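# Working through the structure, step by step
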Amino acid sequence: MKKIILLILSLTIIIISCKNDGGSIYAMEQRYKNFLNVLPNDIKNDYTLNSDKYGNMYKEWINEFNTWTTNIINTEIEKEKEISARITPDKIEYALETLTSKDYERNLPIELVSKVKAHTDTLSLKIEELQKDEAFSNSMVKLKKDEAIENFNTKDTIFYYVWNYLITIERPRRFQ
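About the cut-offs
- Residues numbered from 1 in each chain as written.
- Predicted model: local features only at pLDDT ≥ 70, side-chain atom pairs only at ≥ 80, totals over all residues.
- Heavy atoms only, no water.
- Helix = DSSP H or I, 4+ residues; strand = E, 2+ residues; numbered from the N terminus.
- Contact = heavy atoms within 4.5 Å.
- Areas by Shrake-Rupley, 256 points an atom, 1.4 Å probe, with all protein chains shown as cover.
- Buried < 20%, exposed > 50% of the residue type's maximum accessible area, 1.4 Å probe, protein only.
- Phe/Tyr/Trp six-rings, centres within 6.5 Å; stacked < 30°, edge-to-face > 60°.

### Looking at the overall build of the protein
Across its full length, the protein carries 8 helices and 0 strands. Moving toward the C terminus, one meets the helices and strands of the protein in the order α-α-α-α-α-α-α-α. Here the contacts in the protein between residues at least 6 apart in sequence split such that 67% fall between residues at least 24 apart. On the protein, roughly 11,400 Å² of surface is accessible, and the fraction owed to carbon and sulfur atoms is 57%.

Okay, structure coming up:
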């Protein structure tokens, strides 16, 4: 009987942990929706994949980011294979070389980030104007506090939301 209870508990924990990535993306989508809900309707469309003005550009950037991600992962797999051919996994050198062969923190998509940042800097001009309204400003402050980005200026806040929740939301967990 104890084995059955232990088995049921173990399966429950495994099932919950397997859904963790989906829950993470769901939470990210909800945070982005909260951001969109603060915006006036005439501006909100500028921040969606269905945007009349920017939708195609956003989709292009998503594809560019996904290509970068795939290339990084493939490069790292190749480096790991090369390391495995020279060093056995039981050696400390193997661990050190595989850890330092991770490229995604050093080989960033700078050109893409620059394009997105220039775009969001332009978008943020409307938001800065809206922040003159106390109700809107208070909503933004609450939103930023919930995100733990209350020290971000307006340009950085808009970049943060567009980059993390619109362009790269489907990124692999280790790129988050």
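Picking up where we left off.
### Some words on unusual backbone geometry
Across the chain, the bulk of peptide bonds are trans and the bulk of non-glycine residues have phi less than zero. For Ala148, which is not a glycine, the phi torsion comes out positive at approximately 60°. Mapped onto the elements of the fold, Ala148 is located in the loop between helix H7 (134-147) and helix H8 (154-167).

### Digging into the environment of Ile158
Within the secondary structure layout, Ile158 lies in helix H8. Residue class for Ile158 comes out buried when judged on its relative accessible area of 0%. Expressed as a C-alpha distance, the spacing of Ile158 and Lys117, which sit 41 residues apart in the sequence, is 8.9 Å. When neighbours within four sequence positions are excluded, Ile158 is seen to be in contact with Phe35, Tyr47, Thr120, Leu123, Ser124 and Ile127.

### Here's the deal with the packing of aromatic side chains
Taken as a whole, this structure holds 13 aromatic pairs when the rule is applied. Both rings, one in Tyr160 and one in Tyr161, keep their centres 5.4 Å apart while their planes meet at 90°; by these two values the pair is edge-to-face. Across the pair, Tyr161 and Tyr160 agree in class, each one buried. Ring geometry for Tyr160 versus Tyr165: centroids 5.7 Å apart, planes at 90°, classification edge-to-face. Through a chain of ring-to-ring contacts, the aromatic side chains of Tyr32, Phe35, Tyr47, Phe152, Tyr160, Tyr161 and Tyr165 assemble into a single cluster.

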